[in-house]
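Each chain is listed here by its residues.
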Amino acid sequence: MAPPGDRLTLIRLLEGLITLGLILMMSNALIGPVLDPDQTGGESNAILRLMWLPVYAAAGALAALRAPRMLRFWAPGLMLGLLVAWAFASVTWSIDPSVSQRRAVAVAATTLFGLYLAARYGGRGFTELLATAFLLLALGSYAVCLAMPSLGVHSDVNAGAWRGLWYEKNQMGATMVYATLTFAAAAALSPRRRWLWCLGALLSVGLIVMTASKTSLLAVALGLGVGAGLAAMGRGPAAAVVLVWLGVTAAALLGGLWWLAPEALFEAMGKDPSLTGRTDIWSAVLRAADERPWLGYGFAAFWTDDSAPAKWIRNQLDWVVPTAHNGWLDLLIQLGAVGVVLFAVALLAALPPALFRSRRLAEANWSAMMLAVFILQIFSESFILAHNSLP
């Protein structure tokens, strides 16, 4: 019989490997291009639905294993739990109850796994675990793009842009933004492996460049800027005052440019004034939201193939619109104003700890960088309450 210490080490090793596997699954690498090329989300793909059941079971088992630690996170658990409970409640008024029910189960498991990660791992351990996953994803993306360009490189309207292990380039760009920020934090926290995480950051930035996504470049610049700024502010009050002044000045300049010459700002971002058609979608979605302002159309039910309001929007815009391309608006049409308020409360509650507790938590401003990028991305992508995903 193995000594207790060896058994404990084996359990921790297995726990770490299972956690790493779940993180890789939540990245959706290869799932889209191989198993879900039409991006149905599993609605017409039984294999895709069934393959997530072991993932949910594993997430539940990990949470049960660390139940005492999970209970310490009762405050964020309560806020996120209320939001998930509202998603379940929406089944009763959903325009597609079966879809809302399945997706609510999925987002509950995803949320539980996120809470487990926060409860189980400390700053350095958390960032290095994520950095390991991101390094595997980055290396896999280079391998696919170089060895199998038919799978890893777009040949459609985005011809030549790399998409790596994902369905399209923006998915890889968003994932590599999170990867770059995680590599930066891991490099700051782990001097012995700094060379490895710096190499990972170079690889992830290279992939962002190959996606030709200026939004992803802007996001990674914002995240790294927030991290560097907070690190500099920790050096003393004088540095803090100077950085706050520079931040306010930069925000005022951007605001003035947006007000006086928005065309120049759009051109610098590589976008047209409609944000590649997003403003047309937003106007149509707001009109649909007016029909059900408080409760919405049910969690994840609005953009299904048989949805009447979604068909109206698609007919109006003359293309198959998959989402609102705005997290706030997608939440509004799914869970109404009540859902938006519940999410806003949870998000606002996360900001003070991210900004003021990072040094005590020893996570190199990782959470502040991630939140800054997340807040930016949910204005153009539907990442809020995204089931089976890392964001």
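Note that the coordinates shown come from a computational prediction; the quantities given were computed from them, not determined experimentally. All residue numbers here refer to positions counted from 1 along the written sequence of the relevant chain. A pLDDT threshold of at least 70 governs which residues receive local features in this predicted model, and a stricter bar of 80 or more applies before side-chain atom pairs are shown or counted, although totals over entire chains, interfaces and linings include all residues. The basis for every side-chain value is the complete set of heavy atoms in the structure, and neither hydrogens nor water enter the calculation.

Attention shifts here to helix H15 (residues 278-289). A turn of α-helix holds 3.6 residues, and therefore any two residues three or four places apart point the same way. What counts as a helix is a DSSP run of H or I of at least four residues, what counts as a strand is a run of E of at least two, and both are numbered from the N terminus. To estimate how far a helix should extend, the number of its residues minus one is multiplied by 1.5 Å. Relative to the 16 Å expected for 12 residues at 1.5 Å per residue, H15 spans 16 Å between its end C-alpha atoms, a close match to the ideal helical length. Throughout, exposure labels follow a simple rule: accessible area from a 1.4 Å probe, protein chains only, divided by the maximum for the residue type, with under 20% read as buried, over 50% as exposed, and the rest as partly exposed. Listed in full, the buried residues belonging to H15 are Arg-278, Ile-281, Trp-282, Ala-284, Val-285, Ala-288 and Ala-289.

Quick look at the packing of helix H6 (residues 74-89) against helix H7 (residues 97-120) now. For the pair H6 and H7, interaxial distance at closest approach is 9 Å and the crossing angle is 170°. One finds that H6 runs roughly antiparallel with respect to H7. Along its contact with H6, which presents Pro-76, Gly-77, Leu-80, Val-84, Ala-87 and Phe-88, the element H7 presents Gln-101, Ala-104, Val-105, Val-107, Ala-108, Thr-111 and Leu-115. For this classification, the nonpolar set comprises Ala, Val, Leu, Ile, Met, Phe, Trp, Tyr, Cys and Pro, the charged set comprises Asp, Glu, Lys and Arg, and every other residue, Gly included, is treated as polar. Grouping the constituent residues of the contact of H6 with H7 by class yields 10 nonpolar, three polar and no charged. Under this scheme, a helix contributes an axis fitted over its contacting stretch, all axes are lines through C-alpha atoms, and angles between N-to-C directions fall in the 0 to 180 degree range. An angle below 35 degrees is treated as roughly parallel, one above 145 as roughly antiparallel, one from 65 to 115 as roughly perpendicular, and anything else as oblique. We call two residues in contact when some of their heavy atoms are within 4.5 Å.

Okay, the packing of helix H10 (residues 169-189) against helix H19 (residues 366-377) next. Here H10 crosses H19 at 165°, and the two axes come no closer than 9 Å. Between H10 and H19, the interaxial angle falls into the category roughly antiparallel. The two elements H10 and H19 cross, and the hand of that crossing is right-handed. Across the interface between the two elements, Ala-174, Val-177, Tyr-178, Leu-181, Thr-182 and Ala-185 from H10 touch Trp-366, Met-369, Met-370, Val-373, Phe-374 and Gln-377 from H19. Each residue belonging to the contact of H10 with H19 can be placed in one class, and the counts come to 10 nonpolar, two polar and no charged. Left-handed describes a crossing in which the near helix is turned anticlockwise from the far one by less than a right angle; the clockwise case is right-handed.

Time to look at the pattern of salt bridges. Just to be clear on terms, a salt bridge is a Lys or Arg side-chain nitrogen sitting within 4 Å of an Asp or Glu carboxyl oxygen. Following the criterion strictly, the structure yields four salt bridges and no others. Note that Glu-15 is salt-bridged to Arg-120, the shortest N-O span being 3.0 Å. Of this pair, Glu-15 sits in helix H1 (residues 4-26) while Arg-120 sits in helix H7, and the two are 105 residues apart along the sequence. Its relative accessible area of 2% is what places Glu-15 among the buried residues.

A separate point is the nonpolar core. Grouping buried Ala, Val, Leu, Ile, Met, Phe, Trp, Tyr and Cys residues that are joined through side-chain atoms within 4.5 Å yields what is termed a nonpolar core. Of all hydrophobic cores here, the largest spans 102 residues; its most connected members are Phe-113, Met-176 and Trp-303. Looking at which element gives the most residues to this core, the answer is helix H8 (residues 123-147), with 12 residues. With residues up to four places along the chain from it excluded, the contact list for Phe-113 reads Thr-19, Leu-22, Ile-23, Met-26, Ala-59 and Leu-62.

Note on scores: pLDDT gives the predictor's confidence for each residue, bounded by 0 and 100. Of all residues in the protein chain, 87% have pLDDT values of 70 or greater, and the mean over the chain is 88. Least confident of the elements in the protein chain is helix H14 (residues 262-269), whose mean pLDDT is 64; most confident is helix H11 (residues 194-211), at 97.

Okay, the environment of Ser-90 next. As for its placement among the helices and strands, Ser-90 is situated in the loop between H6 and H7. Residue Ser-90 is classed as buried on the basis of its relative accessible area of 0%. Those residues in contact with Ser-90, other than ones at most four positions away along the chain, are Gly-298, Phe-299 and Leu-335. Polar contact is defined as a pair of N or O atoms within 3.5 Å, subject to the rule that within protein one atom must be able to donate a hydrogen and the other to accept it, and that residues adjacent in sequence are counted only when both atoms are side-chain atoms. Among the polar contacts listed, one links the side chain of Ser-90 to the backbone oxygen of Ala-87, at a separation of 2.6 Å.

Here we take up helix H17 (residues 327-356). The terminal C-alpha atoms of H17, which comprises 30 residues, lie only 26 Å apart, well short of the 44 Å expected from a rise of 1.5 Å per residue. Note that bend, as reported per residue, equals the angle between axes fitted to the 7 residues terminating at that residue and the 7 residues originating from it. Leu-335 marks where H17 bends most, by close to 125°.

Our next topic: unusual backbone geometry. Glycine aside, the phi torsion of most residues is negative, and most peptide linkages are trans. Residue Leu-30 is not a glycine yet carries a positive backbone phi of 70°. Tracing the chain through its elements places Leu-30 in the loop between H1 and helix H2 (31-35). Relative accessible area serves as the criterion here: at 38%, Leu-30 is assigned to the partly exposed category.

Each patch is built from salt-bridge-free residues with over 30% relative accessible area, joining like charges within 9 Å and nonpolar side chains (Val, Leu, Ile, Met, Phe, Trp, Tyr) within 5 Å. Per-residue and other accessible areas were derived by the Shrake-Rupley procedure at a 1.4 Å probe size, with only the shown protein chains allowed to occlude residues. On the surface, a nonpolar cluster with roughly 470 Å² of combined accessible area is contributed by Leu-10, Leu-13, Leu-14, Leu-17 and Ile-18. Structurally, Ile-18 is set in helix H1. The exposure class of Ile-18 is partly exposed, given its relative accessible area of 41%.

Moving on: the packing of aromatic side chains. The relation between two aromatic rings is expressed through the spacing of the ring centres and the mutual angle of the planes. A pair of aromatic rings is counted whenever rings of Phe, Tyr or Trp (Trp by its six-membered ring) have centres within 6.5 Å, and the orientation is called stacked for planes under 30 degrees apart, edge-to-face for over 60 and tilted otherwise. With the rule as written, the count across this model stands at 11 aromatic pairs. For the pair Tyr-116 and Tyr-121, a centre-to-centre distance of 6.3 Å together with 85° between the ring planes defines the contact as edge-to-face. An aromatic cluster is present here, built from Phe-113, Tyr-116 and Tyr-121 joined pairwise through their rings.

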